Every structure is written in structure tokens, then in C-alpha cells.
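# A look at the structure
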Amino acid sequence: LFIFLFFPLLATAAPDEDTRLLLEQQLKDIETQITALEKQLSTTKGEKNTLSNKIKQLKNEQTSLRLKIKATNVKLGDLEKKLTVTVKSIDATKAKIIRLKIDLSKLLRLLHQKDQELFLLRLLIDGGLTEAFAEAANYEKLSTSINSLVQESKLTQKELGVKQNTYETQQDDTRELLSVAQ
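What comes next is a walk through the structure. (Residues numbered from 1 in each chain as written. Predicted model: local features only at pLDDT ≥ 70, side-chain atom pairs only at ≥ 80, totals over all residues. Heavy atoms only, no water.)

When you go through the protein chain residue by residue, the secondary structure sums to three helices and zero strands. Along the protein chain, from the amino end to the carboxyl end, the secondary structure elements read α-α-α. When the 182 residues of the protein chain are sorted by exposure, 14% land in the buried category. For the protein chain, contacts bridging at least 24 residues in sequence account for 85% of all contacts bridging at least 6. Accessible surface, the protein chain as shown: approximately 14,800 Å² in total, 61% of it carbon and sulfur. (Helix = DSSP H or I, 4+ residues; strand = E, 2+ residues; numbered from the N terminus. Buried < 20%, exposed > 50% of the residue type's maximum accessible area, 1.4 Å probe, protein only. Contact = heavy atoms within 4.5 Å. Areas by Shrake-Rupley, 256 points an atom, 1.4 Å probe, with all protein chains shown as cover.)

Given below as C-alpha cells:
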């Protein structure tokens, strides 16, 4: 009888024990899932921070590149102005050389003409000694003018060479700046 009285208690205790074990197992599974989710959350937060830092770094690089582009544009503008000034200076120097050559050719033609006429001999015969000395002085002035024009022409040629070298250097600087900017 005693067994029959406790048997229903034993019979009812067993299902509670199974339920408790089942619930404990479910609790362990949920705790395992929570732990896994917390690790995943921690990893995700780390990735978020890493990506956030990378975005900040890229924005800083972008700002830096924009400033470098602006600086390069300013340098290109300056070089363009220098090139324009140098081209104008070269053109002016070339025009001066042409004028000097024209003046020199005029003086040489005049000198040649005077040489052809044998002007001193003719002046002695036609005008006398005073006029011959005056023509000799004019001839000397003509020779001095020719020499002066020749010297000025040489200096102008040298000046043109310097300006052309400057222009080439400025072009090289521009090409180098453009290749760096690309």
C-alpha cells in the first residue's frame, strides 16, 4: 500500500524532472546563443569602428588631395603666366634683332656705296681738302655705328638664347608638374 501511495508521486515527479531538464537544456541553448550573439556584436562593433576609422582616413586623404590639386592648379597658373611673359619677351627680342639687321644692312649698303665711289678721291678732286676731312669723319661715324649695331645684335642674340632657355625650362617644369599631378 505504501508503494501505491508513493507511486503516483513518483509518477508525477518524473515528468517534472523531464520538464526541468528540458527547460535547463533550453536555457543553456539560449545562453549559448546569447554568448554567440554577444561575440558577434563585439566583432560587429569592432568592424564598425574599423570602418569608421577607415572612412575618416579616406576623408582626410581626400581633403589632402583636393588641397594638392588646388596647389598644383595655382602652380600651373603661375607657370602659364611665366610662359606667356617669356614668349612675349622672346617675340620682342626677335623683333629687335630683325630691326638691328635691317639697320645694319642699310649701313652696310651705304658703306659699300661709299667704298664704290671712292669718295675721298672724288671729294679731293671736287670739293677740296675740307670736305674730304668731313666725309672721312662721316665715314668713321658710319663705321662706329656699324660696329655698335653689330655689338648690340650679338648681345640681343645672347639675350634671345637666355630667354629661349628660360622658356624651355618653364615648359619642362610644366610637363613635370602635370606628370606628377596625374
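The structure having been displayed, the exposition proceeds.
Counting seven residues, the largest nonpolar core is built from Leu100, Leu104, Leu107, Leu111, Leu142, Ile146 and Leu149. For this core, the secondary structure elements donating two or more residues are helix H1 (2-117) and helix H3 (129-181). Counting residues per element, this core draws most heavily on H1, which supplies four residues. (Core = buried A, V, L, I, M, F, W, Y, C linked by side-chain atoms within 4.5 Å.)

Turning next to the pattern of salt bridges. In total, this model carries five salt bridges according to the counting rule given. The closest approach of N and O atoms between Lys96 and Glu152, which form a salt bridge, is 3.8 Å. Taken together, the residues Lys96 in helix H1 and Glu152 in helix H3 connect sequence positions 56 residues apart. Lys96 sits in the partly exposed class, given a relative accessible area of 28%. Where salt bridges share partners, they join Glu17, Arg20 and Glu24 into one cluster. (Salt bridge = Lys/Arg side-chain N within 4 Å of Asp/Glu carboxyl O.)

Any functional reading would require information beyond the geometric quantities listed.
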